[in-house]
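Chain and residue survey
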Amino acid sequence: MSKPKVDASQLVREAVAAELESLIPSLRESMMKPQGIIHDGITCSLCSVSPIVGARYYCASCDMDICESCEPEHMCNLIKYKSQSVVKA
Ligand SMILES: [Zn+2]
Ligand SMILES: [Zn+2]
């Protein structure tokens with residue numbers, strides 16, 4: 001025997017989420033920027049942006065730090081940093 005499922009909790013959750021969104025627009029903004037990491041003191045070797053914000057890449061062959069927007073322009077194999085912590089080989 002299967003009963004039809006009532007999705008009341010789902011509806012409540014969506015209503016609460018919508019209310020939170022309208023109440024705290026800044027919270028929503030911060031949730032939409034998952035990559036807000038600031039790589040303090042790191043300069044992009046291609047466009048000279050400093051510090052690099054967001055995704056940061058490093059080219060081991062050229063010994064260059066590269067920002068997110070320059071990454072598609074650099075054709076080497078790049079190492080992607082996910083945080084500020086740097087692992088040196
Ligand atoms: Zn750049
Ligand atoms: Zn390179």
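Because the structure is a prediction, the values reported are computed rather than measured. (Residues numbered from 1 in each chain as written. Chains lettered and ligands numbered in written order. Predicted model: local features only at pLDDT ≥ 70, side-chain atom pairs only at ≥ 80, totals over all residues.)

Below, the discussion takes up the environment of tyrosine 81. Following the sequence through the fold, tyrosine 81 ends up in strand β5 (residues 78-81). Residue classification places tyrosine 81 among the partly exposed residues on the basis of 18 C-beta atoms within 10 Å. In the structure, tyrosine 81 is positioned 23 residues away from tyrosine 58 in sequence and 7.5 Å away in space, judged by C-alpha atoms. (Helix = DSSP H or I, 4+ residues; strand = E, 2+ residues; numbered from the N terminus. Buried ≥ 20, exposed ≤ 12 C-beta atoms within 10 Å, placed from the backbone.)

What follows is about the sheet that holds strand β3 (residues 56-59). The sheet built from three strands is open, its strands ordered β4-β3-β5 with antiparallel pairing. The open sheet has two free edges, formed respectively by β4 (64-67) and β5, since each of these has just one partner strand. For this sheet, the mean inter-axis angle between neighbouring strands, taken without regard to orientation, is 30°. In the sheet, β3 pairs with β5 via four bridges, with the strands oriented antiparallel. Residue arginine 56 lies in a different strand from β5, and its bridge partner there is tyrosine 81. (Pairing = 2+ DSSP bridges. Axes fitted to C-alpha atoms, helices over the stretch in contact; angles between N-to-C directions.)

As a further point, take the confidence of the model for the chain. With 73% of its residues at a pLDDT of 70 or more, the chain shows a mean pLDDT of 80. Averaged over each element, pLDDT in the chain is lowest for helix α2 (residues 25-31) (62) and highest for β4 (93). Across residues 85-89 the pLDDT falls below 50, and counting only partners more than four positions away or on other chains, this stretch makes one contact in the model. (pLDDT = per-residue confidence, 0-100. Contact = placed C-beta atoms within 7 Å.)

With five residues, the main nonpolar core is built from Ile42, Cys44, Ile52, Ile66 and Cys67. Excluding residues within four positions of it along the chain, cysteine 44 makes contact with Val49, Ile52, Asp65, Ile66, Cys67 and Cys70. (Core = buried A, V, L, I, M, F, W, Y, C linked by C-beta atoms within 7 Å.)

Turning next to the pairing of β3. In this structure, β3 lies alongside β4, joined through four bridges in antiparallel fashion. Each residue of the ladder has a partner; that of tyrosine 58, found in β4, is aspartate 65. Where β3 hands over to β4, the hairpin turn is made up of four residues, of which aspartate 63 adopts a positive phi near 55°.

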